[in-house]
Amino acid sequence: MYYKAAEKMGIKEKLGILTDAAKYDVACTSSGVDRRGDGTGMGNTEAGGICHSFSADGRCISLLKILFTNECIYDCKYCINRKSNDVPRASFTPDEVCELTMGFYKRNYIEGLFLSSGILYHPDFTMELIFQTIYKLRREYRFQGYIHVKAIPGADPMLIQKTGFLADRMSVNLELPTAESLRRLAPNKHRKNILAPMRQIQNGILENKNELVLYKKAPYFVPAGQSTQMIVGATPENDYQLMMVAESLYQKFGLKRVFYSAFVNVNEDKELPALPGGPPLLREHRLYQADWLLRYYGFQASELLSEERPNFNVLLDPKADWALRHLELFPVEVNRADYQQLLRVPGVGVKSAQRIIRARRNGSLRFEDLKKIGVVLKRALYFITCSGKMMYHTKIEEDYITRNLLSVKEKLPFDKDGVTYRQLSLFDDVNFQMQQDG
Amino acid sequence: MVVGMEEKYLICEDSLEGVFTGIYEAYAMKGDHGHMHIQIGEEENFRLFAVYIKVTPDDVKAAKVAATINRRLGAEVYLDLCRALAAEDGEKGEAVYKTVVRGLRMKEGSRVMGALADDFVHKVFELSRRTRNEVHHWKEFLRFQELENGILYSKIGPRNNVVTFLAPHFSDRLPLFDFMIYDEKRGIFVVHPKKREWYLVTDKDFDEREIGRYAEKEMEYQELFTFFCHKIAIKERKNLKLQRNMLPLRFQEYMVEFGQ
Ligand code: SF4
């Protein structure tokens with residue numbers, strides 16, 4: 001089979017079309033693997049990932065995020081590239097993708113490539129093109145920077161396997177949290193076609209780990225792990241359902257990251273909700289915060305939400321919200337509490353909890369020491385004691401603390417991989433609205 | 001005042017070598033560290049009854065101090081001290097000196113950076129973090145431009161002295177390229193000839209005006225990337241304030257996609 005790489009179209013025009021078509025995939029992280037260059041090519045990777053720029057929506061630009069082609073045989077209702085849309089179509093050649101990646105990388109514009117694709121002719125045909133492209137990039141162009149590729153649902157497992165030995169990260173998008181929603185909005189995709197490659201990649205990563213123990217020289221398979229994305233707000237699922245799905249993806253599929261993408265209505269399809277207020281950004285933000293609590297703070301989804309209380313509090317971050325509903329556990333004594341207890345204190349992050357543990361070996365900590373360590377006292381003061389004393393004489397009473405916390409701007413965990421960056425500004429908006437509302 | 005207990009100020013050069021030599025001299029004097037201080041550069045207001053001693057940087061002495069720090073406090077603390085000394089700050093010499101003293105008194109010197117309740121340690125911690133953050137920012141935001149002769153050239157204006165931390169990063173990434181990074185505030189160039197080790201030269205040895213013309217392709221790539229940045233933004237999520245928070249203006253002037 002042939003595909004027309006739109007011979008007459010210039011590279012700039014293609015780049016425009018295929019970037020436009022790729023931008024709704026929110027993942028742009030280059031994290032998860034530390035690899036030095038071997039001196040024979042170009043590139044390396046840093047475990048924390050590196051952002052290289054920020055676009056006008058404040059999102060991090062880390063990778064050259066493009067589709068190989070925006071031709072597609074499917075007709076997913078939420079997608080700008082669906083078959084029934086009349087939009088300009090374009091396809092790259094493998095060499096064009098390689099040249100762009102190399103040219104951008106050496107100028108330090110990007111950390112690497114994020115290659116996704118519409119489905120051209122057949123999932124196998126598309127996966128084969130993706131494979132050939134990154135094979136070329138790794139072997140001929142000797143590119144050693146970061147590569148994230150999509151595994152195309154329904155593609156031959158052999159192709160996915162081969163690709164996994166060249167990529168740093170792979171992802172299969174779950175798209176929608178329930179099989180029912182998927183059936184309604186993405187009639188050509190099936191839940192099992194999405195979960196099968198996910199499981200395959202998970203098993204591949206596990207086998208590879210064992211292999212690497214035996215032979216150090218064994219090639220790496222998807223060393224930066226697997227991620228996925230769910231669209232938030234296109235279908236009626238609540239936050240509780242979304243978090244339960246995310247939790248099981250972490251636990252049962254060993255995913256590295258779950259991304260949440262506030263639905264942007266590009267097609268005005270009657271099956272889709274109209275969103276007069278724009279994409280549900282605050283909701284997306286709360287989901288990221290809760291996701292963070294699952295991955296780094298030892299929380300379970302069922303501690304944060306329940307059938308009776310299925311959505312996050314708009315005004316309070318999920319951790320403060322949890323703490324206010326569990327005042328019986330507070331205050332904790334900073335000089336004695338264990339790491340897990342410290343992590344649950346609003347205003348104490350992973351880094352400051354670790355620093356508290358280290359610093360208190362050299363003697364009891366006072367409130368001014370906590371400040372140096374990076375604890376946000378304005379938030380923490382209701383929940384801690386230092387050597388038995390609270391910072392001020394305050395009431396430990398839900399309404400009172402809630403009112404006080406709401407007057408403090410939220411501080412969020414700092415991450416280099418872009419997604420959490422976006423969180424800062426949303427709170428300005430919240431405060432702004434609250435002021436306006438009086 | 002007790003005789004012999006006057007405050008002694010060791011005046012050191014603003015460099016790793018300078019401050020480490022100062023620490024060497026402070027130990028050699030065998031006095032009470034509480035009454036000895038390291039100061040970088042000249043003092044503006046001389047204190048009465050204080051003694052000022054000028055320290056000339058010395059390779060051998062500095063290397064001994066570096067070796068002791070590495071052995072007794074560990075490579076990680078050593079790196080924190082180096083980062084602190086790369087920061088632009090008048091009191092960094094004293095903070096590093098007193099942190100070393102504290103560390104060498106501890107049973108497990110490698111834990112000294114945990115003692116954040118100590119003001120000197122905390123200062124080193126803050127300065128080290130400041131440098132590390134800026135190094136990271138330049139890894140993100142520095143741009144190379146390709147010259148006609150194939151050299152990749154980058155100009156930056158960092159607040160702290162970061163080029164020596166950037167050089168290993170880019171040497172590992174671009175081993176087969178000739179590249180240069182120019183710190184225009186301090187007049188220092190990192191020079192990396194392909195397949196060889198990088199080194200530093202100052203603008204006394206090299207004139208920035210000798211940098212040749214840009215390669216023909218260079219403008220094309222700048223245009224492509226600028227276009228990409230424009231296309232990747234989702235207009236329904238537009239948030240310029242967030243963009244500016246993430247990417248302070250002082251970096252934007254060095255970035256091709258924000259074009260001058
Ligand atoms: S498969 Fe669906 S989501 Fe993917 S490009 Fe095609 S229409 Fe869009």
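Since the model is a prediction, treat every value here as computed from it, not as a measurement.

Considerations on the overall build of chain B
Next, step 1: Along chain B, the regular secondary structure elements total eight helices and eight strands.
Next, step 2: Reported as C-alpha extents along the three principal axes, the dimensions of chain B are approximately 70 × 45 × 35 Å.
Next, step 3: A buried classification covers 52% of the 260 residues belonging to chain B.
Next, step 4: In chain B, of all internal contacts separated by at least 6 residues, the share reaching a separation of at least 24 is 66%.
Next, step 5: Carbon and sulfur atoms provide 51% of the accessible area of chain B, an area that totals close to 13200 Å².
Next, step 6: Of the charged side chains in chain B, 40 are positive and 43 negative; the average position of the first set lies 5 Å away from that of the second.

Things to note about the interface of chain A and chain B
Next, step 1: Taken together, the contact between chain A and chain B spans 63 residues of the former and 59 residues of the latter.
Next, step 2: Of the roughly 5500 Å² buried between chain A and chain B, counting both surfaces, carbon and sulfur atoms make up 58%.
Next, step 3: At the boundary of chain A with chain B, the tally comes to 10 salt bridges.
Next, step 4: With a closest N to O distance of 2.8 Å, E284 of chain A and R237 of chain B form a salt bridge.
Next, step 5: Inspection of the chain A/chain B interface yields 29 residue pairs in polar contact (both at pLDDT 80 or more).
Next, step 6: Those elements that place two or more of their residues in the side of chain A that touches chain B are α1 (11-20), β1 (53-54), β3 (63-67), α2 (94-106), α8 (281-296), α12 (350-359), α13 (367-373) and α16 (423-437) of chain A.
Next, step 7: The class makeup of the residues in the side of chain A that touches chain B is 25 nonpolar, 17 polar and 21 charged.

Quick notes on the site of the ligand
Next, step 1: In the vicinity of the ligand, the residues found are C72, Y74, C76, C79, R82, G118 and K189 of chain A.
Next, step 2: In a pocket analysis with a 2 Å cut-off to the grid points, the ligand is assigned to the largest cavity.

Quick notes on the side chain of S55 of chain A
Next, step 1: Here S55 of chain A shows up in the loop between β1 and β2 (60-61).
Next, step 2: Of the residues examined, S55 of chain A reaches a relative accessible area of 3% and is grouped as buried.
Next, step 3: Side-chain polar atoms of S55 of chain A contact the side chain of D57 of chain A, separated by 2.6 Å.
Next, step 4: Sequence-distant contacts of S55 of chain A, that is, excluding residues within four places in its chain, are made with I61 of chain A together with C229, I232, A233 and Q243 of chain B.

Some details on empty space enclosed by the protein
Residue and element names in this part refer to chain A.
Next, step 1: On inspection of all chains with the given rule, the structure shows four cavities of 30 Å³ or more.
Next, step 2: In this structure, the largest cavity encloses a volume near 650 Å³.
Next, step 3: If you trace the largest cavity, you find 34 residues lining it, with Y78, C79, N173, E175 and K189 closest to the centre.
Next, step 4: Counting residues per element, the ones that place at least two in the lining of the largest cavity are β7 (226-232) and β8 (257-262).
Next, step 5: Of the residues in the lining of the largest cavity, the class split is 21 nonpolar, seven polar and six charged.

Structural notes on the pairing of strand β1 (residues 8-12) of chain B
Residues and elements named next belong to chain B.
Next, step 1: For β1, the buried fraction is high: four of the five residues fall into the buried class.
Next, step 2: One ladder, built from four bridges, connects β1 with strand β3 (residues 51-54); its direction is parallel. Counterpart to L10 in the pairing with β3 is I53.
Next, step 3: Bridge count for β1 against strand β2 (residues 36-40) is five bridges, and the pairing is parallel. Opposite L10, over in β2, you have I38 as the bridge partner.

Concerning the domain arrangement of chain A
Next, step 1: For chain A, the domain assignment lists domain 1 (4-225) and domain 2 (318-407).
Next, step 2: Each of domain 1 of chain A and domain 2 of chain A has a C-alpha centre, and the two are 42 Å apart.

Focus: the sheet that holds β1 of chain B
All names here are of chain B.
Next, step 1: With parallel pairing, three strands are arranged side by side in an open sheet as β2-β1-β3. Of all the strands in the sheet, just β2 and β3 have a single pairing partner and so form its edges. Strand-to-strand twist of the sheet, defined as the mean angle between neighbouring strand axes without regard to direction, takes the value 30°.

Here's the deal with the confidence of the model for chain A
Next, step 1: Scored by pLDDT, chain A has a mean of 88; 92% of the residues are at 70 or more.
Next, step 2: In this model, residues 411-438 of chain A is a region of pLDDT below 50 whose contacts with residues beyond four sequence positions or in other chains number 61 contacts.

Things to note about the environment of Q354 of chain A
Residues and elements named next belong to chain A.
Next, step 1: Along the polypeptide, Q354 turns up in helix α12.
Next, step 2: The exposure class assigned to Q354 is partly exposed, which follows from its relative accessible area of 41%.
Next, step 3: In sequence terms Q354 and L343 are 11 residues apart; their C-alpha atoms lie 9.1 Å from each other.

Topic: the packing of aromatic side chains
Next, step 1: Enumeration over the complete set of coordinates arrives at 27 aromatic pairs over all chains.
Next, step 2: Ring plane angle 65° and centroid distance 6.4 Å describe the contact between F54 of chain A and F141 of chain B, whose orientation is recorded as edge-to-face. Placement of the pair is F54 of chain A in strand β1 and F141 of chain B in helix α4 (residues 119-141), with the two residues belonging to separate chains.
Next, step 3: Where F20 of chain B meets Y78 of chain B, the ring centres are 6.1 Å apart and the plane angle is 50°; that geometry is what we call tilted. Taken together, the residues span a long stretch of sequence, with F20 of chain B in helix α1 (residues 16-28) and Y78 of chain B in helix α2 (residues 59-86) at a distance of 58 residues.
Next, step 4: A relative accessible area of 19% means that Y78 of chain B is categorised as buried.
Next, step 5: The structure contains a cluster of three or more aromatic residues connected by ring pairs, namely F299, W322, F330, Y382, F383 and Y400 of chain A.
Next, step 6: Directly above the aromatic system of F253 of chain A lies the positively charged group of R199 of chain A, at a separation of 4.0 Å from the ring centroid.
Next, step 7: Stacked on the ring of F299 of chain A, the Lys or Arg R344 of chain A has its end atom at 3.8 Å from the ring centre.

Thoughts on the state of the cysteines
Next, step 1: Enumeration according to the criterion identifies one disulfide over all chains in this entry.
Next, step 2: Put simply, C51 of chain A and C60 of chain A are joined by a disulfide, and their sulfur atoms are 2.3 Å apart. One disulfide, between C51 of chain A and C60 of chain A, carries an S-S torsion of -110° and so falls in the left-handed class. With respect to burial, C51 of chain A and C60 of chain A carry one shared label: buried.
Next, step 3: Between C12 of chain B, a free cysteine, and C82 of chain B, which holds the nearest cysteine sulfur, the sulfur-to-sulfur gap is 15 Å.

Rules of the game
Residues numbered from 1 in each chain as written. Chains lettered and ligands numbered in written order. Predicted model: local features only at pLDDT ≥ 70, side-chain atom pairs only at ≥ 80, totals over all residues. Heavy atoms only, no water. Helix = DSSP H or I, 4+ residues; strand = E, 2+ residues; numbered from the N terminus. Buried < 20%, exposed > 50% of the residue type's maximum accessible area, 1.4 Å probe, protein only. Contact = heavy atoms within 4.5 Å. Areas by Shrake-Rupley, 256 points an atom, 1.4 Å probe, with all protein chains shown as cover. Lys, Arg positive; Asp, Glu negative; His and termini not counted. Charge placed at Lys NZ, Arg CZ, Asp CG, Glu CD. Buried area = accessible area lost by both parts, 1.4 Å probe. Salt bridge = Lys/Arg side-chain N within 4 Å of Asp/Glu carboxyl O. Polar contact = N/O pair within 3.5 Å; in protein donor to acceptor, adjacent residues only side chain to side chain. Nonpolar A, V, L, I, M, F, W, Y, C, P; charged D, E, K, R; others polar. Near = heavy atom within 4 Å. 1 Å grid on protein atoms, 1.4 Å probe; cavity = no way out; pocket = protein on both sides within 12 Å on 5 of 7 lines; lining within 4 Å. Sits in = over half its atoms within 2 Å of the grid points. Points joined across faces, edges and corners; volume = space filled by probe spheres on them. Pairing = 2+ DSSP bridges. Domains from an automatic or database assignment. Axes fitted to C-alpha atoms, helices over the stretch in contact; angles between N-to-C directions. pLDDT = per-residue confidence, 0-100. Phe/Tyr/Trp six-rings, centres within 6.5 Å; stacked < 30°, edge-to-face > 60°. Lys NZ or Arg CZ within 6 Å of the ring centre and 35° of its normal. Disulfide = S-S within 2.5 Å.

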